[in-house]
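This is what each chain is made of:
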Amino acid sequence: MQYAVGAPLPPPHGQASGTGGAMHWPPHPGRPAVPGTPPAPAAPPPPAPQPGWHGPAPQQAPPTGHSTADLTGHVRLPAGAPVPLPSPPAGAAAPDAAHAAVAVLLIGPAGAGKTSVARHWADTRRVPTAHISLDDVREWVRAGFADPQSGWNDHSEAQYRLARRTCGFAARNFLANGISCILDDAVFPDRPVVGLGGWKRHVGPGLLPIVLLPGLEIVLERNARRTGNRRLSDEEVARIHGRMAGWYGSGLPIIDNSQHDVATTVRVLDEVVARSLASPPSW
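Structure report, in brief. Here the structure is a predicted model, which means the values were calculated and not measured.

## Notes on the overall build of the protein chain
Item 1. Along its length, the protein chain carries seven helices and five strands.
Item 2. Reading the secondary structure of the protein chain in the N-to-C direction produces β-α-β-α-α-β-α-β-α-α-β-α.
Item 3. In the protein chain, buried positions account for 37% of the 283 residues.

## Focus on the pairing of strand S4 (residues 208-212)
Item 1. Counting buried positions along S4 yields five of five residues, so the element is predominantly enclosed.
Item 2. Of the strand pairs in this sheet, S4 and strand S5 (residues 254-255) are connected by two bridges, and their pairing is parallel. Note on S5: the bridge partner recorded for Val-211 is Ile-254.

## Some words on the nonpolar core
Item 1. If you look at the biggest cluster of nonpolar residues, it comprises 34 residues, and the most contacted ones within it are Leu-105, Ile-107, Leu-183, Trp-199, Met-244 and Trp-247.
Item 2. Every element with two or more residues in this core is listed here: strand S1 (103-107), strand S2 (129-133), helix H2 (134-138), helix H3 (154-176), strand S3 (180-185), helix H4 (196-202) and helix H6 (234-244).
Item 3. Per-element tally for this core: the top contributor is H3, with five residues.
Item 4. With near-sequence residues (within four places) excluded, Trp-247 lies in contact with Ile-107, Val-187, Phe-188, Pro-189, Leu-196, Val-211, Leu-252 and Ile-254.
Item 5. Ala-100, Val-104, Trp-121 and Val-272 belong to the second-largest nonpolar core, a separate cluster that totals 19 residues.

## Section: the packing of helix H5 (residues 216-224) against H6
Between two packed helices, what matters for the description is the angle formed by their axes and the separation of those axes.
Item 1. Orientation of H5 relative to H6, taken along the N-to-C sense of each, is 140°, at an axis distance of 10 Å. In terms of orientation, H5 and H6 fall into the oblique class. Seen from above, H5 lies across H6 with right-handed handedness. Only Asp-234, Val-237, Ala-238 and His-241 of H6 make contact with H5, whose side of the interface consists of Leu-216, Val-219, Leu-220 and Asn-223.
Item 2. In terms of residue class, the contact of H5 with H6 is built from five nonpolar, two polar and one charged.

## Some words on the environment of Cys-181
Item 1. Tracing the backbone shows Cys-181 in strand S3.
Item 2. Filtering out sequence-adjacent residues up to four positions away, Cys-181 remains in contact with Val-102, Ala-103, Val-104, Trp-121, Thr-129, Ala-130, Ile-132 and Ala-171.

Reading guide: rules and limits
- Residues numbered from 1 in each chain as written.
- Predicted model: local features only at pLDDT ≥ 70, side-chain atom pairs only at ≥ 80, totals over all residues.
- Heavy atoms only, no water.
- Helix = DSSP H or I, 4+ residues; strand = E, 2+ residues; numbered from the N terminus.
- Buried < 20%, exposed > 50% of the residue type's maximum accessible area, 1.4 Å probe, protein only.
- Pairing = 2+ DSSP bridges.
- Core = buried A, V, L, I, M, F, W, Y, C linked by side-chain atoms within 4.5 Å.
- Contact = heavy atoms within 4.5 Å.
- Axes fitted to C-alpha atoms, helices over the stretch in contact; angles between N-to-C directions.
- Parallel < 35°, antiparallel > 145°, perpendicular 65-115°, else oblique.
- Left-handed = near helix turned anticlockwise from the far one by under 90°.
- Nonpolar A, V, L, I, M, F, W, Y, C, P; charged D, E, K, R; others polar.

So, in structure tokens, the structure goes:
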């Protein structure tokens, strides 16, 4: 999330379709109908559905030696319920962070390295892992894109909420199919509109939020290497960085990656995820 210089940041507050035209199909190019020939009898109507749940149509058994999961198109849809907190059975060992299916939300200001770290973390895990960037999803909208750098208004807020809900559904969809995911977003600690509440609602309390917060000088240096609409002014970067300092004292784990390269930060992130799985943060 990025905002224009001087533009107000998010406020601190928690078509009927008409009748379509008939479709006219061209006559079949085969043999013309013989005049006077009676029409073929209509097929009998299907039986009325009986009350109760009806399962899917039976499928053919997969070939010998292949499980159902190997079949193309066999995708499990996410449950309607949100992702729950990690809760290993009593007496069981702590979850293995290197192999567990988890959903991580990486928080930080512009220039913190969220996207680079998240992508590298997803690339190097031992289990299938997806990276979901909220900024990338926002920019799926081409014509009519409400760029937050132009100011925060009803349109930019609506598109932010839509992107966040889309990311949340994608995360639950991946997890339902055994694929971990890491999301990144500039979540502000003092603005509910772009706060953790929406992420918790769309993903669930099992989401693991982790803050990436290097020093201001590092953030300014990294932002200077950016191009396009992802690059902000120094004043805006400093203002956002100051707002992000509100995460100190929140109880969320914070990684200061000022002196770390991407690979080192990813190793630290692995350690933080392992601790969060063993003792989930309250948020």
